[in-house]
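Here's the letter readout for the chains.
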Amino acid sequence: MVGLLALASTARAEDLDFHLDLNTGGHSARVTDLAFTPDGQELVSSSDDKTIRIWDWQSGVTLRTIRGYLGNGNDGKIFAIAVSPDGKTIAAGGYFGASIGDKPPYGDVRLFDFATGKIKAVLKAAEFAIYDIAFSPDGSMLAAGGGDGFVYLWRVDDKSASGWTLAAKLDADSWRVEKLAFAAAGTRLAATTTDNGIRLWDVAKGEEIALPAEAEPLRDVSVAALAVSPDGSLFATGSKDGDVQFWQASDGKLVRSMPKQDFQIGALSFATGSRLVASCSYRCADKYRSVIWNTDSGEQVLDYRGHDGTVFASASNTDGSLVATAGGTRNAIQLWNPATGERKALLQGVGEPVTSVGIDAASSSIAWGNANPCPERVSCPELQGTLDKTLALPTAERFFEDPEALSEQSAYARAVLADSDWSLRAVPGGKDGLENAVLEIANGGKVVHSIENAATNGFVHSAYTLISNGLGLITGGSDGTLLEYKTTTAAVSGEFTGHTGEINAMAASEKDRLLVTGSADQTVRLWNLKTHKLIVSMFFAGSEWIVWMPQGYYYSSADGDKLIGWHVNQGRDHEGRFISAGQLKKYLWSPEMVRRAIVLRSAEQAVQEMRPGVDRELEKLLSRKPPEFGIKLADDQSNVREGYVAVEITGAQEAGADVAGFSILSNSRNVGDVTARSAGGGKSTIVEVPVENGENTIRITGNNEFGYLTERSVTALGRKTEKPANKGKLYVAVIGVDKYPFLTDACAGRACDLRYPVDDATEFLKVISQKSAPLFSSMETLVLVNREALEAPDAGKDVFKVASADSILEPDSDTIDDQLADFLDRPGENDTTIIFVAGHGINIDEDYYFIPTDGRKQDAERWKRSSLVDWGDIQKSVERAKGMRFMLLDTCHAANAFNPRLEKDAQDARIVVFSATAANNTAAELPELGHGVFTYSILEGLRGRAKTSDGGVTLFGLADYISREVVRLTASKQKPFYYVGGVENIVLAEP
């Protein structure tokens, strides 16, 4: 859980605040508890990331994420869950309080509705945190125990407002109840403690049952694990010392002791075939495993080593044929067969802990890695892990680039453990004797100071570095604490606040005023070394990534903004809601803002510079609800037209979603207006969506007046039909501007005229008419080019064959705006539209503009915006066009004209995009080609060079050819960009 931002809202009177949070598709912190549903179809998990996830474990997908109240620090951590026997309720216990240890209560038990995630009731009794919770087998009782050493027992009570009443408070004579469970058909309640052994009660009498002498040694050791056999006759306990024992549930008699293990027992589960699974927990180094015993013989029959880290939670399904264990470096949940050890499912998010970082001041780039530098050891902060990926940071002259694989590591500065006479070394210590609990500061080889970490400053020293020529140091702890000290006095001189997981690595650059850190919370973060302020956080997962500021502004890959958002609290006794960054893209997606934050080394300064006076806009947005609705294939498909499916939109009205409108895509084909009818007494809406033969992904996006977007999708199989496929029309609009009469010295002191845009546009139109148009029923065109370029002998003959002379229009700003909007309103849902644009583009602050032939400047520094074409207007027109949409853009001839917003908007609208350049390079024009390199590659590809089969030139084949050819022709100086995600590999040109 990455809680970076908490803002108190003034928009509502109730307790409402916001926390920026990762949402990676899995848990991002320690998984604390697991429970199968009664039918075994779903698995429920809880975590220190303060969420509960309901998994369809067979598909590996989170069906629902349940969120309660999320506060700072421990507030909101969920330590225990239980699913009621009827499968309708999830009970959750944890740390639910605003302070640390001085202002209880923290032990509220929350009851969530399984189907909706809404809080049904809050049971208040326990003062301190709840560490375990259990329903009785018949669901009539609920037990909870925790940090005050008591077990609270509730009974169902229909007369109570909560549906429950407190029936008993059982004293475990301890400081902390660790685990509890009903046994013997619910007549017994067993509990383990961290400081006084195990307890057993007769539930009906509320009396404790005395345990035999064999239980006495457990009073001196933490007993952290407990499990009850399927028939309820036995319960097993596991201790910190590696002891596992079976006890008779009826009277507490010791039945058997298992072979003592050399690891702490973190979790126990009974399984089919008289088997018990005991899992290793807490810093097991390379001994990560779950041992499976035969409970009758005590023989070890299996050793499961699927996890790469400690296991703190386990559960088995009703018949014991499946065991779930949770742990490891990625907080993964694994489901496996206890009879064979075969893994059946892996449930985890897309991120990984960051274990190494580096910084190269010369190239202004950072690097990181994810491999454990010492898997055979508990920890090794003195070792520097391998760097795998690198990112060039933006500068005043350079935009962002995508992360790349790193081959050479020597240029990157790492943590400094010795500088001048100063050196650092971590050693064991503290009251728990933890590895690296003490950091020794030495001068001239002699220890002059020691910093002992505990609960208030990070527990251990998991990463550290010297700064300021050895006069200062920064050290990070296992809970995300990050502090700066003076080496001469060992006094704290600053704090870096933001990480929520163990600090694994750090590197500092005094020259760049930067500190870069990597953490188990799966993020890389950049800090201002002097002010201690967080600049940006970064999350990388495969090809997806996101970089965001504490204020919420972000830049991301195509789907990176689905990985982060805001948890919005709605009061301590109410469930929270989650708003993804992508839902507020219109306001918060700001690459230039993020770039300025890094350049200025200050997120606050970037906001003040670029959006003065709007610092509270985010609060206003988050205080309002986004559109909330669900979609599914309608149950009744009997009267639906041939080639269509009926989709039901539910919940939009009763949720108060304020949906202003829906946009519908079917296999990335914009459907536009659809037939709609009410259903279910007006509570839902049925829309009929056209589909193709085979599998179709139908994507519905709702928006409201506040700028929120909410996306839902469903998959449908199209009906086969004997009718010939509707080929549809092809609509082609080309824009080419090479004459700029009002910009005689605006391009680096020279005229802005270009050589090839009109030739590019007209030749593209010619090739499309020859190679692509025959695939369609007919072709319609819009040609906006400088007519002067067509007046030379034979210059326009090919264009005039496709478009009449009076339909070729001058590409001035008004004509482009008006004609393109009208043209793009004409395509239907079965049609295909291609837009080709060649000319100058320019970034002004956060906005992007195409420069028409009448573009001009107000003075040497400022453009006259009214003379430019706002790309946002072109984008909206293209998004509005029905059917399949393609954009081919050769608009980046001018430096600083990279257009990330164009790409992002097009990707989200599932428009296929081909762009001449990615970031930080300009488009080349080679005279020997007679075209820009990008357009030349398109033309050659469509003419057949990109053909990969006898069927013709396909979309993916063309994309691959353009990418390779542009790089080849420019000797890697130009790299094109293309987006074809979510689109089928259609044929674009005839063989």
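Every value quoted in this text rests on a predicted model; they were computed, and no experiment measured them.

> I keep staring at the sheet that holds strand S3 (residues 31–36) and nothing clicks. Help me out?
Each strand in a sheet pairs with another by means of backbone hydrogen bonds, the pair being arranged parallel or else antiparallel. Strand order in the open sheet made by the four strands is S3-S4-S5-S6, with antiparallel pairing throughout. Each end of this open sheet is capped by a strand with a single partner; those strands are S3 and strand S6 (61–67). For this sheet the average axis-to-axis angle between neighbouring strands, irrespective of direction, equals 20°. By the bridge criterion, five bridges tie strand S4 (residues 42–47) to strand S5 (residues 51–56) in an arrangement that is antiparallel. Pairing of Ser 46 across the sheet is with Ile 52, part of S5.

> Any chance you could explain the packing of aromatic side chains here in plain terms?
Aromatic ring pairs are defined here through the distance separating the ring centres and the angle between the ring planes. Applying the stated rule across the entire model yields 19 aromatic pairs. Judged by centre distance (5.7 Å) and plane angle (70°), the rings of Tyr 731 and Phe 823 are edge-to-face. You can see Tyr 731 sitting in strand S59 (residues 729–736) and its partner Phe 823 sitting in helix H7 (residues 813–824), a full 92 residues away along the chain. Taking the relative accessible area as the measure of exposure, Phe 823 reaches 2% and is therefore buried. Centroid distance Phe 764 to Phe 836: 4.7 Å. Interplanar angle 20°. Geometry classified as stacked. Of this pair, Phe 764 sits in helix H5 (residues 757–771) while Phe 836 sits in strand S62 (residues 832–838), placing them 72 residues apart in sequence. Of the two residues, Phe 764 and Phe 836, neither departs from the other in class, the shared state being buried. In textbook terms, an aromatic cluster arises when at least three aromatic residues are bridged by ring pairs, as seen for Phe 399, Phe 400, Trp 545, Tyr 555 and Trp 589. When the ring centre of Phe 150 is taken as origin, the NZ or CZ atom of Lys 169, which lies over that ring, is 4.4 Å away. The ring of Tyr 587 has Arg 611 lying over it, and the distance from NZ or CZ to the ring centre is 5.1 Å.

> Honestly, the sheet that holds S59 in this entry has me stumped. Any pointers?
The seven strands are arranged S61-S60-S59-S62-S66-S67-S71 in an open sheet whose pairing can be described as mixed. One side of each edge strand has no neighbouring strand; the edge strands of this open sheet are strand S61 (808–809) and strand S71 (977–979). When strand S67 (residues 912–915) meets S71, the two strands line up antiparallel, connected through three bridges. Residue pairing in the sheet places Val 913 in a bridge with Tyr 979 of S71. Contacts from H5 reach S59, strand S60 (778–785), S62 and strand S66 (884–890), with the element oriented near 165° to S59. Here helix H8 (residues 871–880) sits on the sheet in contact with S62 and S66, set at roughly 150° to S66.

> Got a minute to help me understand unusual backbone geometry in this structure?
Excluding glycine, residues mostly have negative phi values, and the peptide bonds linking residues are mostly trans. Located in the positive-phi region is Phe 459, a residue other than glycine, with phi close to 70°. By the secondary structure assignment, Phe 459 is in the loop between strand S38 (446–452) and strand S39 (463–467). On the basis of relative accessibility, which here comes to 34%, the residue Phe 459 falls in the partly exposed class. Positive phi outside glycine occurs at Ser 972, with the angle close to 70°. In this structure, Ser 972 sits in the loop between helix H11 (955–969) and S71.

> I'm lost on the state of the cysteines in this one. Help?
By definition, a disulfide links two cysteine residues through a covalent bond between their sulfur atoms. In this structure the tally under the stated criterion is two disulfides. Across the disulfide from Cys 374 sits Cys 380; the S-S distance is 2.0 Å. Around the S-S axis, the bridge from Cys 374 to Cys 380 shows a dihedral of about -95° and counts as left-handed. Judged by its relative accessible area of 8%, Cys 380 is buried. The partner cysteine of Cys 747 in its disulfide is Cys 752, sulfur to sulfur 2.0 Å. Sign of the S-S torsion, about 110° for the bond between Cys 747 and Cys 752, identifies this disulfide as right-handed.

Conventions adopted
Residues numbered from 1 in each chain as written. Predicted model: local features only at pLDDT ≥ 70, side-chain atom pairs only at ≥ 80, totals over all residues. Heavy atoms only, no water. Pairing = 2+ DSSP bridges. Helix = DSSP H or I, 4+ residues; strand = E, 2+ residues; numbered from the N terminus. Axes fitted to C-alpha atoms, helices over the stretch in contact; angles between N-to-C directions. Phe/Tyr/Trp six-rings, centres within 6.5 Å; stacked < 30°, edge-to-face > 60°. Buried < 20%, exposed > 50% of the residue type's maximum accessible area, 1.4 Å probe, protein only. Lys NZ or Arg CZ within 6 Å of the ring centre and 35° of its normal. Contact = heavy atoms within 4.5 Å. Disulfide = S-S within 2.5 Å.

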